[in-house]
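Fold and contact review
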Amino acid sequence: MNAKKGIIKRSDLIGRLVLDRQTVEKLGDIEEIAVDLNSNQVIGFTTKSGMLPVGGKKRAFSWQQIDTIGVDAVLVNKSTDEDEFLLPENADSSMGHEVWTDAGKKVGVLVDYLIKNDTGTVTNYLFKTDGGLQRHFTGDLYYASISHDQRG
């Protein structure tokens, strides 16, 4: 990947234009990002083209197909139709997962995460509390770091 090393929020990628690096053809806008929650690794993402909620063409791309993550668009190396990427079944793209402490207390729900541009590794999860921790912090959004032993 030619992109500068850095961190980007999942929410900043959603809706971003995706272009074929070779032809500059518009392939759609990023609709979902799929993560393997066991390895904290982005597996890939889907795009959807077309203005209407129904219809339009959906495509899936692996994180390895990304050439550059720019401010306004993501450039990908598009696969041929024969080897089109499919997201695996263990990929998870939904927000709203509950966040629990080791002691078994629910502290909030997942609302976003941070991704390393160059590797697709999720470095932090952003969760919103349901009131349990607000007395200790200002605001209601918190970052949960991933320790190295949790990555496997």
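Residues numbered from 1 in each chain as written. Predicted model: local features only at pLDDT ≥ 70, side-chain atom pairs only at ≥ 80, totals over all residues. Heavy atoms only, no water.

Here the protein chain averages 78 in pLDDT, and 74% of its residues register 70 or above. Every residue in residues 132-139 is under pLDDT 50, and counting partners more than four places away or in other chains gives seven contacts. Confidence over residues 148-152 falls short of pLDDT 50; this stretch has 10 contacts with residues more than four positions distant or in other chains. (pLDDT = per-residue confidence, 0-100. Contact = heavy atoms within 4.5 Å.)

Summarising the element assignment, T47 is placed in strand β4 (residues 41-48). For T47, a relative accessible area of 0% corresponds to the buried category. At 3.2 Å, the side chain of T47 forms a polar contact with the backbone oxygen of L27. Residues within four places of T47 in sequence aside, it is in contact with V18, L27, G28, D29, I30, E31, K57, K58, R59 and F61. (Helix = DSSP H or I, 4+ residues; strand = E, 2+ residues; numbered from the N terminus. Buried < 20%, exposed > 50% of the residue type's maximum accessible area, 1.4 Å probe, protein only. Polar contact = N/O pair within 3.5 Å; in protein donor to acceptor, adjacent residues only side chain to side chain.)

The subject of this paragraph is the pairing of strand β5 (residues 58-62). The buried count for β5 comes to four of five residues, which makes it a mostly enclosed element. Taken together, the five bridges between β4 and β5 define a ladder with antiparallel strand orientation. Each bridged residue has a counterpart across the sheet, and for K48 the counterpart in β5 is K58. (Pairing = 2+ DSSP bridges.)

As a further point, take the nonpolar core. L13, F45, V74 and V76 are the most contacted members of the largest nonpolar core, which has 20 residues in total. Take this core: its biggest share by element is four residues, from strand β3 (residues 26-36). When near neighbours in sequence (up to four residues on either side) are disregarded, V74 contacts L13, R16, L17, V18, L19, I30, I66, T68 and I69. (Core = buried A, V, L, I, M, F, W, Y, C linked by side-chain atoms within 4.5 Å.)

Here we take up the environment of N117. In this structure, N117 sits in the loop between β9 (106-116) and β10 (122-129). The exposure class assigned to N117 is buried, which follows from its relative accessible area of 9%. With 110 residues separating them in the primary sequence, N117 and I7 have C-alpha atoms 5.7 Å apart.

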